[in-house]
Amino acid sequence: MEPLYQSKIECICCERTYMTSKVRPSFKRAVNSDSDFCGYYKPEVNPDFYVVRVCPYCGFASTENGMGQLSDQQKKLYNDKIGFRWESRDYSGERSAKIAMVTYKLALLSAQAIGEKDRVLAGILHHIAWLYRYESNLDEEKRFLRFALQAYVRVYEAEGVALNNAKLMYLIGELNRRIGEVNDAVRWFSRVVNDKKIVDAAMIRASREQWQLIREEMEARSSQASGDLSLQDGSEVLEPSISTSA
């Protein structure tokens, strides 16, 4: 069975229909995932490459989580900023990582043009960071993680306080950790762990694990710094012991 199949989409901007590729559910199982839910898949297909659908006629790009319809004002905003420059291109076939990146950035531009919800923007920005992670492009990954983090915080401020959304709070903590803002990361992890209204056992456990990871990393850096100081003070240089324990 082929991993991809074609699905008909009606563009909410120009209202024309087009085809886009989707990944069959049986091919969406990740073989591994990172602590911020970035998935790794078998070589046949990466479902994340096919999240965005792009209209070949007007260029409007969106995800299934985006708006279901646009007002006339939103259509005008999109066309004035992006649509008038669009040259017809078809992204309905198989996608490489490079093509997937193009579609996500089109989705980001489209979402910004129409004033899409922060939750949708955060998801797009986070996926772009993952694509850079696949390329081992750490600088760009961190840049987009920071953008995603800002959007997730806006989501939390708008709706998360009332909902006690443990996964959102955990994710804010984890993205802070990944960009090096460890104090903010600990603050968010501790809120998940200590808030008695939160009963999401998986997110409580994940927050504890990442909090402990931060402690271990800080202790390792502190030990390294102490070692550097002792050498600068003229202490006797000893051969370092090597531990094979995990």
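Residues take numbers from 1 onward in each chain, read along the sequence in its written order. Totals for whole chains, interfaces and linings use every residue, but because this is a predicted model, local features are given only for residues with pLDDT of at least 70 and side-chain atom pairs only at 80 or more, for both listing and counting. Only hydrogens and water are removed before side-chain values are computed, so all heavy atoms of the structure are retained for them.

Comments concerning the overall build of the chain
Alright, step 1. Assigned secondary structure in the chain consists of 7 helices and 6 strands.
Alright, step 2. Relative accessible area decides the class of each residue, using a 1.4 Å probe on protein chains only: under 20% of the type maximum gives buried, over 50% gives exposed, and in between gives partly exposed. Counting the 246 residues in the chain, one finds 42% classified as buried.
Alright, step 3. At a minimum sequence separation of 6, the contacts of the chain that also span at least 24 residues come to 58%.
Alright, step 4. Residue-level accessible areas treat just the shown protein chains as cover; the underlying method is Shrake-Rupley with a 1.4 Å probe. When the accessible surface of the chain is totalled, it reaches about 14,400 Å², and 50% of it is carbon and sulfur. Per the convention used, a helix needs a DSSP run of H or I reaching at least four residues, while a strand needs a run of E reaching at least two, with both numbered from the N terminus. Throughout, a residue-residue contact means that at least one pair of heavy atoms, one from each residue, lies within 4.5 Å.

Section: the packing of aromatic side chains
Alright, step 1. When two rings of Phe, Tyr or Trp (its six-membered ring) have centres within 6.5 Å they constitute a pair, described as stacked for plane angles under 30 degrees, edge-to-face for angles over 60, and tilted for the intermediate range. For the structure shown, the criterion picks out 7 aromatic pairs.
Alright, step 2. Look at Phe60 and Tyr78: their rings are 5.3 Å apart centre to centre, the planes differ by 80°, and that puts the pair in the edge-to-face class. Of this pair, Phe60 sits in the loop between β5 (53–54) and β6 (61–62) while Tyr78 sits in helix α1 (residues 72–81), placing them 18 residues apart in sequence.
Alright, step 3. With relative accessibility at 3%, the residue Phe60 sits in the buried group.
Alright, step 4. Judged by its relative accessible area of 0%, Tyr78 is buried.
Alright, step 5. The positively charged end of Arg89 is found above the aromatic ring belonging to Trp86, 4.1 Å away from the centroid.
Alright, step 6. To sit over a ring, a charge needs its Lys NZ or Arg CZ within 6 Å of the ring centre and within 35 degrees of the ring normal. Positioned over the ring face of Trp188 is Arg191, at 4.4 Å from the centre of the ring.

Quick word on the environment of Lys22
Alright, step 1. Following the sequence through the fold, Lys22 ends up in strand β2 (residues 17–23).
Alright, step 2. Counting along the chain gives 71 residues from Lys22 to Gly93, while the straight-line C-alpha distance between them is 9.5 Å.
Alright, step 3. When residues no more than four places from it in sequence are discounted, the contact partners of Lys22 are Pro3, Leu4, Tyr5, Ser7 and Glu64.
Alright, step 4. Pairing of N or O atoms within 3.5 Å defines a polar contact, subject to two protein rules: one partner must be a possible hydrogen donor and the other a possible acceptor, and residues neighboring in sequence count only if both atoms are side-chain atoms. A distance of 3.0 Å separates the side chain of Lys22 from the side chain of Glu64, its partner in a polar contact.

What about the nonpolar core?
Alright, step 1. For this analysis, a nonpolar core means a set of buried residues of the types Ala, Val, Leu, Ile, Met, Phe, Trp, Tyr and Cys, connected via side-chain atoms within 4.5 Å. Grouped together as the largest cluster of nonpolar side chains are 53 residues, with contacts concentrated most on Val54, Leu108, Ile124, Ile128, Phe144, Tyr152 and Ile172.
Alright, step 2. Going through the elements one at a time, α2 (97–114), α3 (118–134), α4 (138–163), α5 (166–178), α6 (182–194) and α7 (201–232) are the ones with two or more residues in this core.
Alright, step 3. Looking at which element gives the most residues to this core, the answer is α3, with 9 residues.
Alright, step 4. Discounting chain neighbours no more than four positions away, the residues touching Val54 are Tyr18, Gly59, Phe60, Ala61, Trp86, Tyr91, Thr103 and Leu106.
Alright, step 5. If you look at the next biggest cluster of nonpolar residues, it comprises 13 residues, including Ile12, Cys58, Phe60 and Leu70.

Structural notes on the pairing of strand β1 (residues 4–10)
Alright, step 1. Strand pairing requires that DSSP identify at least two bridges connecting the strands. In terms of strand pairing, β1 meets β2 through 7 bridges, oriented antiparallel. Looking across to β2, one finds that Ser7 is bridged to Thr20.
Alright, step 2. What sits between the antiparallel neighbours β1 and β2 is a turn of 6 residues, in which Glu15 has the positive phi angle 70°.

Quick notes on α6
One full turn of an α-helix is made of 3.6 residues, so residues set three or four places apart face in the same direction.
Alright, step 1. Spanning 13 residues, α6 covers 18 Å between terminal C-alpha atoms, matching the ideal 18 Å at 1.5 Å per step.
Alright, step 2. When we look at burial in α6, the residues that qualify are Val182, Ala185, Trp188, Phe189, Ser190, Val192 and Val193. Given the number of residues in a helix, its expected span is that number minus one, multiplied by 1.5 Å.

Topic: the state of the cysteines
Alright, step 1. The criterion for a disulfide is a pair of cysteine sulfur atoms lying within 2.5 Å. Across all of its chains, the model carries 0 disulfides by this definition.
Alright, step 2. Cys11 carries a free sulfur, and the closest cysteine sulfur to it, the one in Cys58, is 3.6 Å from it.

Describing unusual backbone geometry
Alright, step 1. Phi is positive for Phe37, close to 80°, though the residue is something other than glycine.
Alright, step 2. Topologically, Phe37 is positioned in the loop between β3 (32–33) and β4 (39–40).
Alright, step 3. Taking relative accessible area as the criterion, Phe37 reaches 33% and is therefore assigned partly exposed.
Alright, step 4. In the Ramachandran plot, Ser136 falls in the positive-phi region, its phi being about 60° despite a non-glycine side chain.

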